[in-house]
Amino acid sequence: MPEFIREENVSLSKAAQTGRYSAIRKASVDICKPLSHEDHVVQPAAFVSPPKWHLAHSTWFFEHFILSKNKKGYKAFNESYNYLFNSYYDSAGSRVLRTDRGNITRPGVEEILQYRAYVDEQVGTLLETGVPEEAAAFIELGLHHEQQHQELLYTDIKYILGHNPLFPQYHAPALRAETPVRPAAFIDMNEGIYGIGYDGDGFCFDNEKGRHKVFLHAFRFMDRLITNGEYLGFMEDGGYDNALLWLAEGWDWVKQNRAASPLYWYKIDNNWYNYSLSGLLKVNESAPVTHVSYYEADAFARWKGKRLLTEFEWEAACSARYREIPSHSNFADKRALSTSAAHEGDDQLLGNAWEWTSSAYLPYPYYKQATGALGEYNGKFMVNQMVLRGGSCVTPRDHMRITYRNFFHPDERWQFTGIRLAESIV
Ligand SMILES: [Fe+2]
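All residue numbers refer to position in the chain's written sequence, counted from 1. Local features in this predicted model are restricted to residues whose pLDDT is 70 or higher, and side-chain atom pairs enter the listing and the counts only when it is 80 or higher, whereas totals over whole chains, interfaces and linings include all residues. Hydrogens are left out, water is left out, and the side-chain values use all remaining heavy atoms of the structure.

Trainee: Go over helix α6 (residues 228-236) with me, naming the residues and quoting the values.
Mentor: Relative accessible area decides the class of each residue, using a 1.4 Å probe on protein chains only: under 20% of the type maximum gives buried, over 50% gives exposed, and in between gives partly exposed. Strands are runs of DSSP state E lasting at least two residues, helices are runs of H or I lasting at least four, and both sets are numbered from the N terminus onward. Within the span of α6, buried status applies to Asn 228, Tyr 231, Leu 232, Phe 234 and Met 235. The arc that holds the buried residues of α6, viewed along the axis, is 155°, so those residues lie on one side. By definition, residues are in contact when any of their heavy atoms lie within 4.5 Å. Contact partners of the buried residues in α6: β5 (265-268), β6 (271-276) and α8 (294-303). What the arc measures is the spread of directions leading from the helix axis to the C-beta atoms.

Written out as C-alpha cells, the structure reads:
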C-alpha cells in the first residue's frame, strides 16, 4: 500500500469507483475540446507541456503503474509510449527530454484519444472484476494525478493561446462585476502551538502526512487577496525600478527578464489589458492579481511594509476558519477560469489564486518517502522551491484540501499565483 492512501479509502463500491474514474478521465478530454489539433502540439516554453502530451501522460500513468502490474497478460497499447510519455520517473526508464515534448507530432491527437479509450476500458474491466487493495490505492493516486494535470492543462493552454498574436478565446467571458473591491482588514491569530499536516480519512499526498506541531508567534493576515488594482499601484510607484524592494535573486530576475508587470499584461493606448482564457480584456482592478513570481509577491509585500505568510501560518489560519472547502470558493467547477473580486464574507483563502508563502518546500518532520517509483512523486523535488497554498480558479474542487502543498520555483509565474499580506503582531 503506498504511503499516499489510507486503507479505509479503497472500500468504495465498484460502481462508485467506475463512475468516479470515468468522470475524472472525461474531464481531461472535455478541457481540450475547444482546442484545435495544432493547439494540442505546440510547446512555446520549456515549462509548458503540449495538451496532447498531458492527455497521453496521464494515461501512461494508469498503464504503467496499474495495468502492467495488476492485469495478467496486459498488452501495452504501444510499447514506445513508455519512452514518449514518462514524465520524470527515472525508475520507469529513459524518456523524451521535457524540452522536446512539443516535437512529438506523432502519434496524433486521434491516436492519443484511442490510447485513452483503450486504457480506460482495461481499467474498467479491472474495476469490474475487483481490484486488489494496492491497485485500488494506485487508481486513487492516478485520479488525483489526472486532476493535477487538469490544472496544468488550463495553465498550459492559457500560455499557448496567450502567446498567440491573435490572443484567441478559450471560452466565453464570464459576466464581470465592476464593483469596487471591498476594503481589506487584517485578522489576528494568537501565539500558540498549532497542528500541521493531514490527519483525515481521505486521500492526501505523502508530502502532507506526518501531522506535527509548530509554534507560531502572534500574527495577522489580510482577509482577502491583493487585487490587480493594488498591484498596479506598486507598478505605478516604480516598484519594478527600485532595487531596494527586491531580493537579490529577484532583482537579477527583473533585469534579466525586463519584468515590469505580471505575466500576460499589456499596455495598449495607455490602458492595461491582460490575457485571460476569455481573450485580451481590460484589467479588472477588483479581481485578485495572478501570474506573479515569488520575487514579485515578496517585493510587493515589502513595498506595503508587510510580509507573506509562512505555510504554517497559512494552514493555521485556514484550519481555524474552515473544516472543509466552502461552496462559494472560486475553483474550476465555477467555470470562471479567472479570479473574481472578494465579496462580503469571502476571505479567498481557498480558490481564486495559489498564495505564495515564504516557506521553502521541505519535508515535514515525520515525512516518509514512498518506496519504489512513487517515491519520485514528491520527495525528490524538495529543494529550491517555495510552497503555495489554497488552490486556484483552475484547480478541480474535489482535488483540494486545506493541507495541500503546492510548490514551484520562485521565478515561475504561469500558474494562477497570487499574493496575501501578513505581519507579525509585536
Ligand atoms: Fe504527471
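Trainee: Describe empty space enclosed by the protein, and please don't skip the residues or the numbers.
Mentor: Residues are called lining when one of their atoms sits within 4 Å of a cavity or pocket point, these points coming from a 1 Å grid over the protein atoms alone, where a cavity is a set in which a 1.4 Å probe fits but cannot get out and a pocket is an open set with protein on both sides within 12 Å along at least five of seven lines. Grid points are joined across faces, edges and corners, and a volume is the space filled by probe spheres set on the points. Overall, the coordinates contain 2 cavities of 30 Å³ or more when judged by the stated rule. In this structure, the second largest cavity is lined by His 40, Val 41, Pro 50, Lys 52, Trp 53, Phe 85, Arg 101 and Ile 104. Any residue that is not Ala, Val, Leu, Ile, Met, Phe, Trp, Tyr, Cys, Pro, Asp, Glu, Lys or Arg is counted as polar, Gly included; the first ten are nonpolar and the last four charged. Taken together, the residues of the lining of the second largest cavity break down into 5 nonpolar, 1 polar and 2 charged.

Trainee: Talk me through the coordination of the iron ion; I want residue IDs and the actual numbers.
Mentor: Listed as protein donors to the iron ion are His 57 (NE2), His 145 (NE2) and His 149 (NE2); their distances from the metal cover 2.2 Å. For His 57, a relative accessible area of 1% gives the class buried. Metal coordination here is assigned from N, O and S atoms located within 2.8 Å of the ion, or within 3.2 Å for Na, K and Ca; omission of water means that sites may look incomplete.

Trainee: Explain the sheet that holds β6 to me, using residue names and the numbers behind them.
Mentor: One open sheet holds the 3 strands; their spatial order is β5-β6-β7, and the pairing between them is antiparallel. Each edge of the sheet is formed by a strand with only one pairing partner; in this case those strands are β5 and β7 (279-282). Neighbour-to-neighbour, the strand axes of this sheet turn through a mean angle of 35°, independent of strand direction. Bridge count for β5 against β6 is 4 bridges, and the pairing is antiparallel. Paired with Ile 268 across the bridge in β6 is Asn 271. Only strands that DSSP links by at least two bridges are regarded as paired with each other. A fitted line through C-alpha atoms represents every axis, and for helices the fit uses only the stretch in contact; the resulting angles, taken between N-to-C directions, go from 0 to 180 degrees.

Trainee: Could you give an account of unusual backbone geometry, naming the residues involved and the relevant values?
Mentor: Note that the residue after Arg 106, namely Pro 107, is joined by a cis bond; omega there is -5°. Positionally, Pro 107 belongs in the loop between α3 (81-85) and α4 (109-129). Despite not being glycine, Leu 337 shows a phi value in the positive range, around 55°. Its place among the elements puts Leu 337 in the loop between α9 (311-321) and β8 (354-360).

Trainee: Lay out the sheet that holds strand β9 (residues 386-389) with the relevant residues and their values.
Mentor: Where strands meet in a sheet, backbone hydrogen bonds hold them as pairs that are either parallel or antiparallel. Pairing within the open sheet is mixed, and its 4 strands lie in the order β10-β9-β8-β11. In this open sheet, the two strands that pair with only one neighbour each are β10 (406-408) and β11 (417-418). Both β8 and β11 contribute to a ladder of 2 bridges, which runs parallel. Note that in β11 the partner of Trp 354 across the bridge is Thr 417.

Trainee: I'd like a description of the packing of helix α1 (residues 14-32) against helix α2 (residues 51-70), backed by residues and values.
Mentor: Direction vectors running N to C along α1 and α2 enclose 165°, while the axes themselves pass 9 Å from each other. As the angle between them shows, α1 and α2 are arranged roughly antiparallel. Seen from above, α1 lies across α2 with left-handed handedness. Residues Tyr 21, Arg 25, Ser 28, Val 29 and Cys 32 of α1 lie in contact with α2, whose contacting residues are Pro 51, Leu 55, Ser 58, Thr 59 and Phe 62. Residues of the contact of α1 with α2, tallied by class, amount to 6 nonpolar, 3 polar and 1 charged. The scheme is simple: roughly parallel for angles under 35 degrees, roughly antiparallel for over 145, roughly perpendicular for 65 to 115, oblique for anything else. Crossing handedness is defined as follows: a turn of the near helix away from the far one that is anticlockwise and smaller than a right angle gives a left-handed crossing, while the clockwise case is right-handed.

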